[in-house]
Amino acid sequence: MIESSPSTLQDLRRVTSEALPGVLAGLKREDPVVVLHAQLGQIGGLSAVVWPEPNPQMPWAEAMEDQALQVLQHRLGVASWHVHGPAGESLRTPVQPATPAPQRPVLALVSPLPPERSGISDYTAALLAPLSLHYRLVLLHHDPAALEPQHDAWGQPLPLHSLDWLESAEAEGVRLLYHFGNSHYHEAMLHSIGRHPGVVVLHDYYLSHLIDGWARHGEQAPSLQALLYRCHGYPALREYSRERPRGGHGHLWSWSLNQPVLQAARGVLVHSPHSLNLTRRDYRPSSLANWHQVPMLSRAPQPVSGQALEAVRQRYGLGPEAKLICSFGYVGPAKLSLELIEAFARSGLGLQGWSLILAGSDGGNTAYRRTLDQAIAAASLQGCVHVSGWIAPEVYWCLQSLSSINVQLRSRSRGETSAAVMDCLQSGAALVVNRHGSLDDLPGEVCRKLPDRFTTHQLATCLQSLAGDPQAREQLGQQARRFCLEHHSPEVCAEAYRAAIEAIHACGSHRLDVALALGQQPGFRTQKRRQRAAWINGLAERLPAQPAPRRLYVDVSAIAEHDLGTGIQRVTSCLCRELFSQMPDGWIVEPVQASPGDPGYRTAPAYSGALLGIPESLLPPPEPVLPGEGDLFLALDLHHAVVDAQADWYGRIKARGAETWFVVYDLLPCRLPECFPPGTDELHRRWLLTITRATGSVCISCAVADDLSAWIREHRQGLDGEGIHQVRWFHQGSDLPVAQASRAHPRHERPVPEPNRSLNLLMVGTIEPRKGYLQVLQAMQLLWQREIPLNLTIVGREGWRGLPDDQRRSLPETLALLQKLGRRYPQQLRWLNGASDEELLAQYARADALLAASYGEGFGLPLVEARHNGLAVIARDLPVFREVMADDAEYFVADTVEQLADWLEGWSCREPGKRLRDSRRSLAAVGEQRAGFTWRQSCAQLLQALAISSDAAAEGGARPANR
């Protein structure tokens, strides 16, 4: 039997009346033709489709031709369509095979599908026919029996299987495409993508509600707290710990939780620049290597019958002259549904025959639905404002056909792309949006754009303007349709999908391919557990998961082991707390610790949890860490033995691309070895040699940075070949509250003591030789013998506890004199050994001046606190003290006890008002900005020194406001 060749749709609209008979004679009788109404009398018995006459007011109509003809071709079941010119010549025969080409690759597609009540299911169904021109499609679903049949471009049913099909031999080598959104319809896909990586179409950037449901219901799914920590660090875990007891879900709005999907993806397709910006905000730049932006599919409006339209009119009480405003999609706070109702009421359009329909489900948010109903009733709009609840597709398309103005508003954008917005653009009605998320990516000529945070007055004015201007509505609708047809037609989208999928598959194997192949090797399964773990760790080291945020690993080894309350440990905790607060998006702060006897670092969850107030039950176990490219390791704590033991590890992570930085508090053990226990200078010298092999050092003052640079120059020969070591600096801070006396009297207005009253001097710091306590006590003994009215209070614990006396240098002499003078001059001398912050504040409140007599310091935090509390400051003339205090202190030079005693006597014997006004003279001039550093300011300086900026966050936009 000879089969007849398939028919072709012949487009004859351009053929002249003279040439038309000749063209008709060459056609097969089964070929359908497209003609204008004027040509009907010449075509005889051929099957004709009459095309509307061109409308000069619709300049976009010509752009519709290809899409409309292809739709017609599919409906008529013909193989292709053929365009003829005026003389009957062939202008174009679209390249489309009459039957599917066998060489097309197989694409397995995993997605919700009709009749599931998901916008993504309808979107995927609309994409199948054009995508089938490029691929042999296989549909996969966890419950295929519940789905409606789907067809390819030739009307053939598409094969539909369960997700188990991916384990079969048929799935070997096929391309795999997942459609992911933020709903429970995608939960079954999470287990599948972990075993079978594929290309992900990311419809929602935030997947936190999906992941939450998976963690609660999925088999072998990790806990939500574990995922929050892994993806976003301790701040996300802290928010979860605060939300959980009261049943809140703020953590699901604050954190995207999309890493389980994105790290399993071979590549990612998104529909808007907004999603790409969010990725730049949250992840390191290399994460975008396999991401592609493809246009959002614009579906042609589905035809509806007059009977269906009339049923919808009756359902919502719409008369023949009624004019309609619609909002499509979920009804809720994120869609600003209440604001739309309030603006409609304010516009007065309900009195002019207009109706408003919010066409969508409230998602079970009954409290918000009651709020909407109350607002409708309060405005007496029950007859013209309707909240539809979920609607069937036929009702949806009826409302799209009836609507004259569509409103699509968003807040708390989570990177979603809306198919409803594309439907509104295609409908021909005027569209109103606000500049939020992906809505701001729409061209200005296809819609009216309100500010992101608009007022109800602005929205009401916009609605009034469009309602009163039919021509403006028509023009917006025409431009929107033209935009959809030129940039978002099914054919354009399918080609973009094909190009992106093929580009991703050309990039080679995915890391999970290698892991799965390793797991299937017989040799792997027979190895001992330790060896298998080593292989897996080696694989993870060579093929790190992407995308991933950059991490700042903060060494807290000393304080995590034992908090001794030292100044450096206080700095460590204060800065760690601020780092958690100030770290820009795209970075995760990870405190880590190490031991001298074990190679490498591990996480420090116990320390981090205690610092942030996270319950121990929610904390993850300690895990080894291995920083890599883009990460930064910061040794904030000081632990000589750990640094000496981990020198090789620092070199290893630096070779992997991580930056290594060390905070340098001072070089005093090397510069003043006589002030430290024996051997400390050599220990500190080895520590300096180790850290100068790092990327750089961040010193706690400019003076220390100068000293370190000079030390490096002195030891340059021993550092040859180690590369350039960068030296930067920042200042420490203090958040010690202002004492009560300082609150009552501003710093530069603190009352001057009476002429005959003794002045109270205060010294703050650990009792150790370099602090100059021995010289001060000997000088004070001379002054008290001269009956000079000076009192001295010392706030500081005994240093070097546990060392034998022969290693404590001048400490025994200092402590003995302190006790002796305390007994002889009990009214003039007080020592508070290990005072609390409250006790220290009390001393700041009663003191007149701070005395800083150290022979060397890295910074001088007590000077900052004294200035913050309005005290006069007397300091030894050191470069670091002048750096910290500038003109806000008086400086002395005293090589001997007698010189110091004479200087203090001269200072105290000046006229009282002049004496303290001179010490505080610049406080009034410099004002609050120089009145004291805070840890917040200190942390900001540290981040600047480390070149950690928030540029990516600014580009991607801020996180949701309820973070």
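Preceding this paragraph is the structure being described.
Residues numbered from 1 in each chain as written. Predicted model: local features only at pLDDT ≥ 70, side-chain atom pairs only at ≥ 80, totals over all residues. Heavy atoms only, no water.

A. Representation of the overall build of the chain in the model. Each helix and strand counted, the chain has 40 helices and 31 strands in total. The burial tally for the chain puts 54% of its 963 residues in the buried class. Taking the intrachain contacts of the chain between residues at least 6 apart in sequence as the baseline, contacts between residues at least 24 apart amount to 71%. Taken as a whole, the chain presents about 42,100 Å² of accessible surface, with 50% of it coming from carbon and sulfur. (Helix = DSSP H or I, 4+ residues; strand = E, 2+ residues; numbered from the N terminus. Buried < 20%, exposed > 50% of the residue type's maximum accessible area, 1.4 Å probe, protein only. Contact = heavy atoms within 4.5 Å. Areas by Shrake-Rupley, 256 points an atom, 1.4 Å probe, with all protein chains shown as cover.)

B. The pairing of strand β27 (residues 790–795), seen in detail. Counting buried positions along β27 gives six out of six residues, so the element sits mostly inside the fold. Across the two faces of β27 the burial is the same, with Leu 790, Leu 792 and Ile 794 and Asn 791, Thr 793 and Val 795 all buried. One crossover worth recording links strand β26 (residues 759–764) to the parallel β27 by way of helix α32 (residues 773–785), and it is right-handed. (Right-handed = clockwise from strand over helix to strand, strands pointing away.)

C. Focus on empty space enclosed by the protein. All told, the structure shown has three cavities of 30 Å³ or more when counted by the stated rule. By volume, the second largest cavity amounts to about 40 Å³. Lining the second largest cavity are Val 110, Ser 111, Pro 112, Leu 140, His 141, His 142, Tyr 185, Ala 188 and Met 189. Residues of the lining of the second largest cavity, tallied by class, amount to six nonpolar, three polar and no charged. (1 Å grid on protein atoms, 1.4 Å probe; cavity = no way out; pocket = protein on both sides within 12 Å on 5 of 7 lines; lining within 4 Å. Points joined across faces, edges and corners; volume = space filled by probe spheres on them. Nonpolar A, V, L, I, M, F, W, Y, C, P; charged D, E, K, R; others polar.)

D. Quick peek at the pairing of strand β13 (residues 323–328). Of all the six residues making up β13, five are buried; the element is thus mostly covered by neighbouring parts of the structure. Once you follow β13 into helix α12 (residues 337–347) and on to strand β14 (residues 354–359), the crossover reads as right-handed. Of the strand pairs in this sheet, β13 and strand β16 (residues 405–408) are connected by two bridges, and their pairing is parallel. Counted as the bridge partner of Cys 326 is Asn 406 from β16. (Pairing = 2+ DSSP bridges.)

E. The arrangement of the sheet that holds strand β24 (residues 696–699) in detail. Ordered in space as β21-β20-β19-β22-β23-β24-β25, the seven strands form an open sheet in which the pairing is mixed. In this open sheet, the two edge strands, each paired with only one partner strand, are β21 (602–603) and β25 (726–729). Running over the sheet, helix α29 (residues 702–714) touches β23 (659–664), β24 and β25 and is turned about 165° from β25. (Axes fitted to C-alpha atoms, helices over the stretch in contact; angles between N-to-C directions.)

F. Structural context of the environment of Ala 236. One can find Ala 236 in helix α7 (residues 234–243). Sequence separation between Ala 236 and Gln 225 is 11 residues, and the spatial gap between their C-alpha atoms is 8.5 Å. With residues near it in sequence (within four places) discarded, Ala 236 still touches Leu 228 and Trp 255.

G. Highlighting the side chain of Arg 410. With respect to the secondary-structure elements, Arg 410 resides in the loop between β16 and α15 (419–427). Arg 410 gets classed as buried once you look at its relative accessible area, which sits at 6%. For Arg 410, the side chain forms a polar contact with the side chain of Gln 408, separated by 3.3 Å. Apart from the residues within four sequence positions on either side, Arg 410 is in contact with Ala 334, Lys 335, Leu 336, Glu 416, Ser 418, Val 421, Asn 434, His 436 and Leu 439. (Polar contact = N/O pair within 3.5 Å; in protein donor to acceptor, adjacent residues only side chain to side chain.)

H. Inspection of the pattern of salt bridges at higher detail. Applying the stated rule across the entire model yields 27 salt bridges. A salt bridge links Arg 369 to Asp 373; the shortest N-O distance between them is 3.4 Å. Here Arg 369 pairs with Asp 373, and both are found in helix α13 (residues 366–378), just four residues apart, close to one helical turn. Judged by relative accessible area, Arg 369 falls into the partly exposed class, the value being 24%. A cluster of three or more residues bridged by salt bridges with shared partners is formed by Glu 768, Arg 770, Lys 771 and Glu 857. (Salt bridge = Lys/Arg side-chain N within 4 Å of Asp/Glu carboxyl O.)

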